Amino acid sequence: MSETGSTLPRRQLGRYLREARSALGMSQDRVAKAADVSTSVLQRLESGIPTRLKVRDLQAICDVLELAGDAAEAMVGLLRQAAETSWWHEYGSVIPANFDVYVGLETAARRIGTYQPALVPGLLQTADYARALIRQGKPEEGPVEHDRRVELRRRRQAIVTRKYQATALDVVLHESVLRSRVGGPGIMAGQLRHLAEIGKLANVGVRVLPFEAGAPLGDPVGQFAILEFDTDAKGEPVWPPVVYLESFIGCMYLEKDDDVRRYYRVLGSLQRASLDETASRTLLRQVAKEFSA
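Residues numbered from 1 in each chain as written. Predicted model: local features only at pLDDT ≥ 70, side-chain atom pairs only at ≥ 80, totals over all residues. Heavy atoms only, no water.

Asker: Could you clarify how one ought to interpret the overall build of the protein in this entry?
Answerer: Scanning the protein from N- to C-terminus turns up 13 helices and 7 strands. Taken against the 2.2 N^0.38 rule, which gives 19 Å for 293 residues, the C-alpha radius of gyration of the protein at 21 Å falls within 12% of a compact globule. Taken along its principal axes, the extent of the C-alpha atoms in the protein is 65 × 45 × 35 Å. In the protein, which comprises 293 residues, the proportion classed as buried is 46%. Taking as baseline every contact in the protein between residues at least 6 positions apart, the subset at least 24 positions apart corresponds to 71%. (Helix = DSSP H or I, 4+ residues; strand = E, 2+ residues; numbered from the N terminus. Rg over C-alpha atoms; globule rule 2.2 N^0.38 Å. Buried < 20%, exposed > 50% of the residue type's maximum accessible area, 1.4 Å probe, protein only. Contact = heavy atoms within 4.5 Å.)

Here is the structure:
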C-alpha cells in the first residue's frame, strides 16, 4: 500500500479487522499465527499504518476472523483503494454495494455536520419516512427485506440518542426537504414533528435554510457531511476530519486539509443563512400542521 495514498480506507480496514478479532476474543498473536503473517504486520494493519500486504494474506486473515462473502470482499477492496490519492467509492465496484462503508465512519464519529438539500438525513428519519424511501429505492425487494432495512437504519440512530457519549449532530435542511411529500402527508407530518422534538436534545441542532435565503453561496451545493472523530489525552484528533459526498452512483471521501476547511466554511455560511434552531422548530411544526390539515 502506498505511503502517499488515502489514509481513510486503511483506517477503516484496520477498524473492521480489529472489531472482528475482538468479537472472537482472539489475540493479535493468535490471528497472525493462524493466518501465517507476522504479528507486526497485523499490528500495523489494525492501526491503519501503511504496510506491504498481499491480497492472499489479507484473505487468510479474513478466513481466521470468519469474515466471508461481501465482508471479505470489502476488506480486499479497502486494501486496494488505500493506494489511491483520493477515495472515490463506486457502489458495487471494488467494494460490494451491500457493504456500507459510510456507516462504519458514522459509528466512529464524535460530531457530524451535514447539509441536506433534498431529504431528511438517515440519522433523523422516522421509520415510516425511511420505509417510504426504501420502497421507492428498492422496488424489487419485498416487505420483509424492507423492514430489515428500516430496522438497520433505526439501529444506526442510537449513536445520536444514547445516554453515554452521544454523537453531536448539526443539521442544515433546505426548506424543500420540509415540503417534499415523501410517503404522503401523514408520514411527512410525523417526520417534521420528530425533527422538531429531536432538535431539543443537547447534542442535536436542526436548522432550516428557508427559500427566502436564496443561494447564500452563489453556487449550487449538494448534500455533504463533515465527520469529526475522537481526541486523544492531549485533545488532538485521533483521526483527521473527513468530508463525505454522496451521489446516485457512489461517494467521495475528502481528506485534504484545504478541501475540509472549504467545507467547514460552506457549512458555516449555510448555518448563518438559516433560521436559528427555535425559528426552525416553529417552521417545522407549522409545515407539519399544513400536512395534517
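Asker: How should the pattern of salt bridges be read in this particular structure?
Answerer: A side chain with one charge may pair with a side chain of the opposite charge, provided their charged atoms come close. In total, this model carries 19 salt bridges according to the counting rule given. Glu255 serves as the salt-bridge partner of Arg11, at 3.9 Å between the closest nitrogen and oxygen. Pair noted here: Arg11 is in helix α1 (residues 7-24) and Glu255 is in the loop between β7 (250-254) and α12 (257-273), with a separation of 244 residues, a long-range link. Overall, Glu255 belongs to the buried group, its relative accessible area being 18%. (Salt bridge = Lys/Arg side-chain N within 4 Å of Asp/Glu carboxyl O.)

Asker: Honestly, the layout of surface pockets in this entry has me stumped. Any pointers?
Answerer: Empty space left among the atoms is revealed by rolling a probe the size of a water molecule over them. As a volume, the second largest pocket reaches approximately 180 Å³. Along its surface, the second largest pocket is lined by Leu217, Asp219, Pro220, Val221, Gly222, Arg262, Tyr263, Arg265, Val266 and Ser269. Its residues placed into classes, the lining of the second largest pocket shows 5 nonpolar, 2 polar and 3 charged. (1 Å grid on protein atoms, 1.4 Å probe; cavity = no way out; pocket = protein on both sides within 12 Å on 5 of 7 lines; lining within 4 Å. Points joined across faces, edges and corners; volume = space filled by probe spheres on them. Nonpolar A, V, L, I, M, F, W, Y, C, P; charged D, E, K, R; others polar.)

Asker: Help me out: how do you make sense of helix α4 (residues 55-64) in this one?
Answerer: Note: α-helices contain 3.6 residues per turn, so residues at a spacing of three or four share the same orientation. Those residues of α4 not exposed but buried are Leu58, Ile61, Cys62 and Val64. Burial along α4 is one-sided: seen end-on, the buried residues are contained in an arc of 160°. In α4, the exposed residues that point more than 90 degrees away from the buried face are Arg56 and Asp63. Of the residues one or two after α4, Glu66 is the one with positive phi, at around 60°. (Arc of directions from axis to C-beta.)

Asker: Just to check I follow, could you spell out the pairing of strand β2 (residues 111-116) for this structure?
Answerer: Counting buried positions along β2 yields 5 of 6 residues, so the element is predominantly enclosed. The pairing of β2 with strand β3 (residues 168-174) spans 6 bridges and is parallel. Note on β3: the bridge partner recorded for Ile112 is Leu169. Note that β2 and strand β5 (residues 224-228) share 5 bridges and pair antiparallel. (Pairing = 2+ DSSP bridges.)

Asker: I'm lost on the environment of Val172 in this one. Help?
Answerer: Within the fold, Val172 resides in strand β3. Along the chain, Val172 and Gly190 lie 18 residues apart, while their C-alpha atoms are 19 Å from each other.

Asker: Explain the packing of aromatic side chains here, please?
Answerer: Each aromatic ring pair is characterised by the separation of its centres together with the angle its planes make. The full count for this structure, using the stated rule, is 3 aromatic pairs. Aromatic side chains Tyr115 and Phe224 sit 6.2 Å apart centroid to centroid with 45° between the ring planes, which places their arrangement in the tilted category. Taken together, the residues Tyr115 in strand β2 and Phe224 in strand β5 connect sequence positions 109 residues apart. Across this residue pair, the class does not change: Tyr115 and Phe224 are buried. Judged by centre distance (5.4 Å) and plane angle (50°), the ring pair of Tyr244 and Tyr253 falls under tilted. Note on Tyr253: relative accessible area 1%, which makes it buried. Of the aromatic side chains, those joined through ring pairs into one cluster are Tyr115, Phe224 and Tyr263. (Phe/Tyr/Trp six-rings, centres within 6.5 Å; stacked < 30°, edge-to-face > 60°.)

Everything listed here is a matter of geometry and, on its own, says nothing about what the molecule does.
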